[in-house]
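Structural characterization, general
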Amino acid sequence: MTSPKPKSVQTMKPATAAKKLGVPLSATPAEFQASVISRDELNELQSSPPAWLADLRRNGPHTKQVIAAKLRISIAGLLRGGITEPLTTAEIEALKAENPAWLERERSLHAELRKEAVRPKQG
């Protein structure tokens, strides 16, 4: 009879952890960027975010996924609109207020694609 193996600790690179947290790695503190994050540490960061993470999520800079969601467009639409760098919440709000033609087009296109995805398949 063999004894059970001790459970190994799952770890991830800082870039992976930042992606799972929805923040750009470059905006995280240096100690976060230089460390290996365990699954337990990631879960702790998600359940009780420290001040730096709460501030990043509130004010940015935000990742493409978050920017696209806040603007109600796709990531491809973001790129077509020329947005390739992270934006802060204030920059996103200014873009919404300005409502350039490309943003209106992308919102219409995104809404149309979502309707298509929801519509039942004809068979």
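Notes on the structure follow. (Residues numbered from 1 in each chain as written. Predicted model: local features only at pLDDT ≥ 70, side-chain atom pairs only at ≥ 80, totals over all residues. Heavy atoms only, no water.)

1. Observations concerning a positive patch on the surface
Taken together, the side chains of Lys19, Lys20, Arg39 and Lys64 define a basic patch exposed on the protein surface. Within the secondary structure, Lys19 sits in helix 1 (residues 14–21). Residue classification places Lys19 among the exposed positions, given a relative accessible area of 65%. (Patch = residues over 30% accessible without salt bridge, like charges linked within 9 Å, V, L, I, M, F, W, Y side chains within 5 Å. Areas by Shrake-Rupley, 256 points an atom, 1.4 Å probe, with all protein chains shown as cover. Salt bridge = Lys/Arg side-chain N within 4 Å of Asp/Glu carboxyl O. Lys, Arg positive; Asp, Glu negative; His and termini not counted. Charge placed at Lys NZ, Arg CZ, Asp CG, Glu CD. Helix = DSSP H or I, 4+ residues; strand = E, 2+ residues; numbered from the N terminus. Buried < 20%, exposed > 50% of the residue type's maximum accessible area, 1.4 Å probe, protein only.)

2. Regarding the pattern of salt bridges
It is possible for side chains of opposite charge to pair when their charged atoms get near one another. Within the structure shown, the criterion is met by 3 salt bridges. Between Glu93 and Lys96 there is a salt bridge, with its nearest N and O atoms 3.5 Å apart. Taken together, the residues Glu93 and Lys96, both in helix 7 (residues 89–98) and 3 residues apart, mark about one turn of the helix. The exposure class of Glu93 is partly exposed, given its relative accessible area of 41%. Residue Lys96 is classed as partly exposed on the basis of its relative accessible area, which comes to 28%.

3. Things to note about the nonpolar core
Core analysis: the largest hydrophobic core is formed by 11 residues, namely Met12, Ala17, Ala18, Leu21, Val23, Phe32, Ile37, Leu42, Leu45, Leu53 and Leu56. Within the residue set of this core, elements represented by two or more residues are helix 1, helix 3 (39–47) and helix 4 (51–59). Dropping the residues within four chain positions of it, Leu56 is found in contact with Val23, Ala27, Thr28, Pro61 and His62. Among the nonpolar cores identified, the runner-up in size contains 10 residues, and Leu71, Ile73, Leu78 and Trp102 belong to it. (Core = buried A, V, L, I, M, F, W, Y, C linked by side-chain atoms within 4.5 Å. Contact = heavy atoms within 4.5 Å.)

4. What about unusual backbone geometry?
The linkage connecting Gly60 with the following residue, Pro61, adopts the cis geometry, with an omega of 10°. Turning to its location among the elements, Pro61 is positioned in the loop between helix 4 and helix 5 (64–71). For Arg72, which is not glycine, the phi dihedral falls at a positive 60°. Within the secondary structure, Arg72 sits in the loop between helix 5 and helix 6 (75–80). We classify Arg72 as exposed; its relative accessible area is 53%.

5. Description of the environment of Ser38
Looking at the element boundaries, Ser38 is found in strand 2 (residues 37–38). As for Ser38 and Leu53, which are separated by 15 residues in sequence, their C-alpha atoms are 17 Å apart. Dropping the residues within four chain positions of it, Ser38 is found in contact with Val9, Gln10, Thr11 and Met12.

6. Brief notes about helix 7
Those residues of helix 7 lying buried are Thr89, Ile92 and Leu95. Angular distribution of buried residues about the axis of helix 7 spans 125°; they occupy a single face of the element. The exposed residues of helix 7 that point more than 90 degrees off its buried face are Ala90, Ala97 and Glu98. Packing partners of the buried residues in helix 7 comprise helix 4, helix 5 and helix 8 (101–118). Once helix 7 ends, the next one or two residues include Asn99, with phi positive near 45°. (Arc of directions from axis to C-beta.)

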